[in-house]
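# Summary of structural features
What follows is each chain in one-letter form.
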Amino acid sequence: MTAAEREDLDTRGYVVLTNFLDQHRLDEVRDRVEELYELEGENAGSEFRQEPGARRLANLVDKGDIFQALAAQPRILELVEHVLGEHFKLSSFNARSANPYSSDAQPLHCDSGALPDESGYSVCNTIWLLDDFTPSNGATRVIPGSQNWHKFPQDSMTDPAQPHPEEVILLAPAGSVVVMNTHAWHGGTANRSADHRRALHAFYCRSDKPQQQYQKRLLRPETQAALSPELRKILALDDPLNDQISSAETRPSGFLK
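Overview of the structure. (Residues numbered from 1 in each chain as written. Predicted model: local features only at pLDDT ≥ 70, side-chain atom pairs only at ≥ 80, totals over all residues. Heavy atoms only, no water.)

As a further point, take the nonpolar core. Counting residues in hydrophobic clusters, the biggest one holds 43 residues, and the most contacted among them are Phe67, Leu90, Phe93, Val179, Leu200 and Tyr204. In contact with Phe93, not counting residues within four places along its chain, are Ala58, Asn59, Leu60, Val61, Phe67, Leu70, Ala71, Leu200, His201 and Ala202. Within the second largest apolar cluster, 12 residues are counted, among which are Tyr14, Ala139, Val178 and Met180. (Core = buried A, V, L, I, M, F, W, Y, C linked by side-chain atoms within 4.5 Å. Buried < 20%, exposed > 50% of the residue type's maximum accessible area, 1.4 Å probe, protein only. Contact = heavy atoms within 4.5 Å.)

A few words now on the pattern of salt bridges. Following the criterion strictly, the structure yields 18 salt bridges and no others. Measuring nitrogen to oxygen at the nearest pair gives 2.8 Å for the salt bridge that ties Lys63 to Glu40. Of this pair, Lys63 sits in the loop between strand E2 (54-57) and helix H3 (65-71) while Glu40 sits in helix H2 (residues 23-40), placing them 23 residues apart in sequence. Looking at Glu40, the relative accessible area reads 17%, which means it is buried. Close ionic contact of Asp62 with Arg220 constitutes a salt bridge, the shortest N to O distance being 3.1 Å. One end of the pair, Asp62, is in the loop between E2 and H3; the other, Arg220, is in the loop between helix H5 (215-218) and helix H6 (221-226), with 158 residues separating them in the sequence. A residue is classified by how much of its surface remains accessible, and Asp62, at 8% relative accessible area, is buried. By sharing partners, the salt bridges in this structure join Glu34, Arg55, Asp131 and Arg198 into a single network. (Salt bridge = Lys/Arg side-chain N within 4 Å of Asp/Glu carboxyl O. Helix = DSSP H or I, 4+ residues; strand = E, 2+ residues; numbered from the N terminus.)

What the three strands build is an open sheet, ordered E6-E5-E8; its pairing is antiparallel. Strand pairing shows two members of the sheet lacking a second neighbour, strand E6 (168-169) and strand E8 (186-188), which therefore form its edges. As paired elements, strand E5 (residues 140-142) and E6 share two bridges and run antiparallel to each other. When the sheet's bridge partners are listed, Arg141 is paired in E6 with Ile169. (Pairing = 2+ DSSP bridges.)

Shown next as structure tokens:
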């Protein structure tokens, strides 16, 4: 992690790693995502949530080594650790593809409906851009520094779906990765283009918080048996505390951008 990246995370609440994936790996990820959309059809995303105006996929760790490698990418985990501290885990790994001409923008929000607590930050999302994020295709917007305001958008905005005077639209080429402290106010904008806008969301939380999707329940036994010790740790598969706090029936919460 560079000094500039550390500064960006501390002050703005996010950092953009431009062209993080090379073209070959980007094409592999895109191909697998489209294959899954076709294979799963109308059931795509049903493990978590489905959404009018967007295609979704969920539980990606269970659906290919390529996703496991992204979830455990050391360069990304270093940035996540800077936000969450040493003890964190993967909370969920999903995909969202905003449909062409989908008109609804997401309201500004904090992930998991959470503010920082006495132990600090508890949520950090990573957005893997499979298409260029442009002003017209539904790129994520964020309010820099709002991770430190200790309030929700609805506490000071009449309508969090409306533009905010301090918002920044995250514009970057496909293959880039955004690492964001998602206590910062953020949300997806409307896709007004003729193309899908695809992204992956590897979402991490502090170890004392429940996973958005309880990985131990979702992952097939054969997937769990083949995982490296590093991945088992990131997924909290052998953590009794995680079993205790995450084993309740999972339900959709928060947003995917």
